[in-house]
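Fold and contact review
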Amino acid sequence: EYDGSRADFVAVLRLQLMGGVLGREHLKRGERKSSSFWSNLWPGRLDVKGIEQMPFVDRQECLKELWLSEVLSEWEISWKSERATELCYAGVPVMLRGKVWGMSIGNDLQIDPSMYSELVQLARDRRAQCDGDDIYAEKNRLLAKTVEHLHIDVPRTMPHLEVLQDQQPVKISENVGKVLEAFLMLRPDIGYSQGMLFLSSMLLLYMDPEDAFVAFTNLLDKSRLLDFYRNSADKVELYMNAFVQLISEKLPKLQGHFVKLGVEPSMFLLNWLMSAYCRVLPLDLASRVWDLFVSQGDTTLFGVALAILESLEEELLTLDFDSCLRTLSQLRKRTMDQDALIRGIRKIGLSEKSIDDALRKCSRK
């Protein structure tokens, strides 16, 4: 069951998907601050700790004001500032996530959003041209089979969206398939991996299909996730070994317990990373993780893993092999303090250099 703040998140997100606006009249909560509080709010007065104390809807309104006035108004100047980083940790408000995520990911590939509909149509045309014995027809049959598998995967890989499936004018699942079909046309060299469904569905929660396609393609192009989706076994093994190195440095006691039990990162970390936490964390918390992921890159994905392990360390140290894996595979069923986990990520302080150093050490072994 959802607690109050999570129920509010779901209600606000539903309004967002239906083209609505954030308003207190849509949400049942207790006493609210007066409107003069917001009109008298001065940019920069509130830090993350202060924002954390607010009820969900007040927090959303406050963050919206701060993001609009302090970051989005002068994006090129403000985006890499300490204040923007602080606001990323405080969270991007639901109604601005699509815009902020899109601008954070950028469009280095210079993809025209109009390409999306053209590529979707091209995928349909090619699937209709499967007759014949030539190489072209064989490639089209392979494409048709891949798309068929893709659409079979969609409903069973999106359990994190169950709270949103009613009241939606357009099912997200319909657009997830189209975004990935377009991607297959643009990047046949990469192909399809089931984990991609989670990334595209998360983007589609906050963006229209054209923008989600642009963001998805650019995000993958500069992400280490590409190694996982390409099934690069040697590279994936290297990442797993590097993560062992990171746990040994950050959480040596827990790593010793894992070694004793025979628990290896691949038994839980692959599932976490390949879905970028969409599959394993509650949707509202996964969205907060993505606020950091799109702004700080892959470092966040490994930092989140360490923060989760640190938050569960005391419990994990008391568990046997089966119980450890059960705990690490059922995070969505747990009540997790969002702000505490985000603070944990910041405390871990994982850097790109830390990951690169761990990879170099493991590659020499």
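Residues numbered from 1 in each chain as written. Predicted model: local features only at pLDDT ≥ 70, side-chain atom pairs only at ≥ 80, totals over all residues. Heavy atoms only, no water.

**Let's talk about the overall build of the protein**
Scanning the protein from terminus to terminus reveals 21 helices and zero strands. Burial analysis of the protein (365 residues in total) assigns 52% to the buried set. Restricting the contact set of the protein to residue pairs at least 6 apart, pairs at least 24 apart contribute 74%. Of the accessible surface of the protein, which amounts to about 17,300 Å², a share of 49% is contributed by carbon and sulfur atoms. (Helix = DSSP H or I, 4+ residues; strand = E, 2+ residues; numbered from the N terminus. Buried < 20%, exposed > 50% of the residue type's maximum accessible area, 1.4 Å probe, protein only. Contact = heavy atoms within 4.5 Å. Areas by Shrake-Rupley, 256 points an atom, 1.4 Å probe, with all protein chains shown as cover.)

**Considerations on unusual backbone geometry**
The phi dihedral of glutamine 110 is positive, around 55 degrees, even though this residue is not glycine. Tracing the backbone shows glutamine 110 in the loop between helix H7 (97-105) and helix H8 (115-127).

**Digging into the environment of methionine 336**
Within the secondary structure layout, methionine 336 lies in the loop between helix H19 (321-329) and helix H20 (338-348). Here methionine 336 falls in the buried class, since its relative accessible area comes to 12%. Spatially, the C-alpha atom of methionine 336 lies 9.6 Å from that of isoleucine 308, the residues being 28 residues apart in sequence.

**Focus: helix H14 (residues 233-250)**
For H14, with 18 residues, the first-to-last C-alpha span of 26 Å sits near the 26 Å given by 1.5 Å per residue. Listing the buried residues of H14 in full gives Val236, Tyr239, Met240, Ala242, Phe243, Gln245, Leu246 and Ile247. Packed against the buried residues of H14 are helix H13 (225-229), helix H15 (252-261), helix H16 (269-274), helix H18 (299-316) and helix H21 (352-363). (Expected span 1.5 Å × (residues − 1).)

**Quick notes on the packing of aromatic side chains**
Evaluation of the coordinates by the stated rule reveals 12 aromatic pairs. Between the aromatic rings of tryptophan 101 and tyrosine 206, the centroid separation amounts to 4.9 Å while the plane-to-plane angle is 70 degrees, which identifies the pairing as edge-to-face. Taken together, the positions of tryptophan 101 in helix H7 and tyrosine 206 in helix H11 (residues 196-206) put the pair 105 residues apart, joining distant regions of the chain. No difference in accessibility class separates tryptophan 101 from tyrosine 206, as the two residues are buried. Seen from their ring centres, phenylalanine 228 and tyrosine 239 are 5.3 Å apart, and the 20 degrees between their planes marks the pair as stacked. Of the two residues, phenylalanine 228 is situated in helix H13 and tyrosine 239 in helix H14; the sequence distance between them amounts to 11 residues. On the basis of relative accessible area, phenylalanine 228 is assigned to the buried category, the value being 3%. For tyrosine 239, a relative accessible area of 7% gives the class buried. Each residue in the set Trp101, Tyr206, Trp290 and Phe293 is aromatic and connected to the rest through ring pairs, giving one cluster. (Phe/Tyr/Trp six-rings, centres within 6.5 Å; stacked < 30°, edge-to-face > 60°.)

**Some words on the packing of H11 against helix H17 (residues 283-296)**
Remark: H11 packs on H17, axes separated minimally by 12 Å, with the N-to-C direction vectors making an angle of 90 degrees. Between H11 and H17, the interaxial angle falls into the category roughly perpendicular. Two secondary-structure elements touch here, H11 through Leu199, Met202, Leu203, Leu205 and Tyr206 and H17 through Leu283, Ala286, Ser287 and Trp290. Its residues assigned to classes, the contact of H11 with H17 shows eight nonpolar, one polar and no charged. (Axes fitted to C-alpha atoms, helices over the stretch in contact; angles between N-to-C directions. Parallel < 35°, antiparallel > 145°, perpendicular 65-115°, else oblique. Nonpolar A, V, L, I, M, F, W, Y, C, P; charged D, E, K, R; others polar.)

**Regarding the side chain of aspartate 153**
Relative to the assigned elements, aspartate 153 resides in helix H9 (residues 135-156). Reaching out from aspartate 153, the side chain makes a polar contact with the side chain of tyrosine 192 at a distance of 2.7 Å. In this structure aspartate 153 touches Tyr192, Gln194 and Leu197, once residues within four positions along its chain are discounted. (Polar contact = N/O pair within 3.5 Å; in protein donor to acceptor, adjacent residues only side chain to side chain.)

**Side note on the nonpolar core**
Within the largest apolar cluster, 114 residues are counted, with the highest numbers of intra-cluster contacts made by Trp67, Phe243, Trp272, Tyr277, Leu281, Trp290 and Leu309. If one sorts the elements of this core by residue count, H18 sits on top with 10 residues. Those residues within four positions of leucine 309 in sequence are excluded, and the remaining contacts are Phe243, Ile247, Leu251, Leu254, Phe258, Phe268, Trp272, Leu316 and Leu328. (Core = buried A, V, L, I, M, F, W, Y, C linked by side-chain atoms within 4.5 Å.)

**Quick word on helix H4 (residues 56-70)**
An ideal rise of 1.5 Å per residue puts 21 Å on 15 residues; H4 measures up with 21 Å between its terminal C-alpha atoms. All buried positions along H4 are accounted for by Phe56, Val57, Asp58, Arg59, Gln60, Cys62, Leu63, Leu66, Trp67 and Glu70.

**Let's talk about the pattern of salt bridges**
Enumeration according to the criterion identifies 17 salt bridges in this entry. Note that aspartate 291 and arginine 97 form a salt bridge whose closest N and O atoms lie 2.9 Å from each other. Taken together, the residues aspartate 291 in helix H17 and arginine 97 in helix H7 connect sequence positions 194 residues apart. Of the two residues, aspartate 291 and arginine 97, neither departs from the other in class, the shared state being buried. Close ionic contact of glutamate 310 with lysine 347 constitutes a salt bridge, the shortest N to O distance being 3.8 Å. Within this pair, whereas glutamate 310 is found in helix H18, its partner lysine 347 is found in helix H20, the two being separated by 37 residues in sequence. Judged by its relative accessible area of 26%, glutamate 310 falls in the partly exposed class. Accessibility expressed as a relative area gives 65% for lysine 347, which makes it exposed. (Salt bridge = Lys/Arg side-chain N within 4 Å of Asp/Glu carboxyl O.)

**Some thoughts on the confidence of the model for the protein**
Per-residue pLDDT for the protein has a mean of 83; in total, 81% of the residues score no lower than 70. Per-residue pLDDT stays below 50 along residues 20-36; that stretch engages in 31 contacts with residues further than four places along the chain or on separate chains. (pLDDT = per-residue confidence, 0-100.)

**Thoughts on the side chain of serine 104**
You can see serine 104 is positioned in helix H7. Classification of serine 104 by relative accessible area gives buried; the value is 11%. In terms of polar contacts, serine 104 uses its side chain to reach the backbone carbonyl oxygen of valine 100, at 2.7 Å. Dropping the residues within four chain positions of it, serine 104 is found in contact with Trp75, Trp79, Lys222, Val294 and Ser295.

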